[in-house]
Amino acid sequence: AKELLNGQQVVLLRCEDMNMSGSLYRAKLKYANFKRKKTNSNPRHGPFHQRAPSKILWRTIRGMVPHKAARGAAALDRLKCFEGIPHPFDRKKRMVIPAALKVLRLRPERKFCKLGDLSNLFGWKHQELISRLEGQRKVKSEAFHKKKVATQRSQKAAGTKVKVSAEDRKVLEAAGFA
C-alpha cells in the first residue's frame, strides 16, 4: 500500500498462494462473519463478498489506502492482482517483498493457511485449473532457466579462451574494460 501511494506500479501474482496467519478454521469463521454483513433493505447494494483470491487481496489492500480520495483511487489504479502468473508477466523478472516472507513474519510453530484454500471453501471454482496451469508454467520456466545457465557458461568459457594482444588490452583498460 505504501509503494502504491508513492506512485509505484505494483502487480501481485499467485494470490492463491498468499499465506495468512491463523488456522484455516479461524480464517473461515472470520470470512463467514464478513459474508453475513449485507445491506438489510437490498443486499444487491453491497457490501460485496468476492470469492477469488485476487479480489480478496485487492479489497484488503483497498482498506490500507484512502480509496475515496483522488490520491488513493489513483494508487488503487496502479495495483493489479492475479491468480497464477498470466502471460505478459510470466516472461518478466519478478521480485519478492522480503518483509512479507513467511519465514520472517510467522514463528515456525504458528498455524497459517493459504488464501486459495479459503477462497475454495467459499465458492471459488478455479483452484484446480490454476494449479494445473502453474505446473505447466513451472516446467517451461525450468527449461528456460537451464538453457539460460548453459548459455552463460559457454559465454564465460569463450571469454576465458580469447587471447587479447597487449595493444588491445591497453585500449580496453583505457575505456574501462579489463
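Throughout what follows, the structure given in this document is the object of discussion. (Residues numbered from 1 in each chain as written. Predicted model: local features only at pLDDT ≥ 70, side-chain atom pairs only at ≥ 80, totals over all residues. Heavy atoms only, no water.)

## Description of the overall build of the chain
1) Next: Summing up its helical and strand segments, the chain has nine helices and four strands in all.
2) Next: Scanning the chain from its N terminus toward the C terminus, one meets helices and strands in the order α-β-β-α-α-α-β-α-α-β-α-α-α.
3) Next: In terms of overall dimensions, the chain is more spread out than a globule: its C-alpha atoms have a radius of gyration of 24 Å, far above the 16 Å expected for 178 residues.
4) Next: In terms of principal-axis extent, the alpha carbons of the chain reach across some 85 × 40 × 35 Å.
5) Next: Every one of the 178 residues in the chain was classed for burial, and the buried ones make up 21%.
6) Next: For the chain, the share of sequence-separated contacts (at least 6 apart) that also reach a separation of at least 24 residues comes to 73%.
7) Next: Seen as two clouds, the 42 positive and the 14 negative side-chain charges of the chain have centres 9 Å apart. (Helix = DSSP H or I, 4+ residues; strand = E, 2+ residues; numbered from the N terminus. Rg over C-alpha atoms; globule rule 2.2 N^0.38 Å. Buried < 20%, exposed > 50% of the residue type's maximum accessible area, 1.4 Å probe, protein only. Contact = heavy atoms within 4.5 Å. Lys, Arg positive; Asp, Glu negative; His and termini not counted. Charge placed at Lys NZ, Arg CZ, Asp CG, Glu CD.)

## Considerations on the nonpolar core
Nonpolar side chains in soluble globular proteins generally cluster together in the buried interior.
1) Next: Grouped together as the largest cluster of nonpolar side chains are 18 residues, with contacts concentrated most on Leu 4, Leu 12, Leu 57, Ile 61, Leu 79 and Leu 118.
2) Next: Top contributing element to this core by residue count: helix 3 (residues 53–62), with three residues.
3) Next: Contacts of Leu 12, omitting those with residues within four sequence positions, involve Leu 57, Ile 61, Leu 79, Lys 80, Cys 81 and Phe 82. (Core = buried A, V, L, I, M, F, W, Y, C linked by side-chain atoms within 4.5 Å.)

## Concerning the packing of aromatic side chains
1) Next: Enumeration according to the criterion identifies three aromatic pairs in this entry.
2) Next: Grouping aromatic residues by their ring pairs yields a cluster made of Tyr 31, Phe 34 and Phe 122. (Phe/Tyr/Trp six-rings, centres within 6.5 Å; stacked < 30°, edge-to-face > 60°.)

## Quick look at unusual backbone geometry
1) Next: Pro 47 follows Gly 46 through a cis peptide bond whose omega is -5°.
2) Next: A positive phi angle, close to 55°, is found at Arg 14, a residue other than glycine.
3) Next: On the secondary structure map, Arg 14 appears in the loop between strand 1 (10–12) and strand 2 (19–21).

## So, the pattern of salt bridges
In a structure, side chains of opposite charge can pair up when their charged atoms sit close to one another.
1) Next: By the definition in use, this model includes four salt bridges.
2) Next: Put simply, Arg 14 and Asp 17 hold a salt bridge, and the shortest N to O gap is 3.8 Å.
3) Next: Since its relative accessible area comes to 34%, Asp 17 is described here as partly exposed. (Salt bridge = Lys/Arg side-chain N within 4 Å of Asp/Glu carboxyl O.)

## Considerations on the environment of Gly 135
1) Next: Here Gly 135 lies in helix 8 (residues 127–161).
2) Next: Taking the C-alpha atoms as reference points, Gly 135 and Lys 156, 21 residues apart in sequence, are found 32 Å from one another.

## Points about a nonpolar patch on the surface
1) Next: Residues Val 96, Leu 101, Val 103 and Leu 104 make up a contiguous nonpolar surface patch of about 430 Å² in total accessible area.
2) Next: Note on placement: Val 103 falls in helix 6 (residues 102–105). (Patch = residues over 30% accessible without salt bridge, like charges linked within 9 Å, V, L, I, M, F, W, Y side chains within 5 Å. Areas by Shrake-Rupley, 256 points an atom, 1.4 Å probe, with all protein chains shown as cover.)

## Things to note about the state of the cysteines
1) Next: For the coordinates displayed, the defined rule picks out zero disulfides.
2) Next: This cysteine, Cys 15, is not joined by any disulfide, and Cys 81 carries the nearest cysteine sulfur, 4.7 Å off.
3) Next: Cys 113 carries a free sulfur, and the closest cysteine sulfur to it, the one in Cys 15, is 15 Å from it. (Disulfide = S-S within 2.5 Å.)

## Here we look at the environment of Ala 70
1) Next: As for its position among the elements, Ala 70 is in helix 4 (residues 70–77).
2) Next: Judged by its relative accessible area of 66%, Ala 70 is exposed.
3) Next: Spatially, the C-alpha atom of Ala 70 lies 24 Å from that of Phe 82, the residues being twelve residues apart in sequence.

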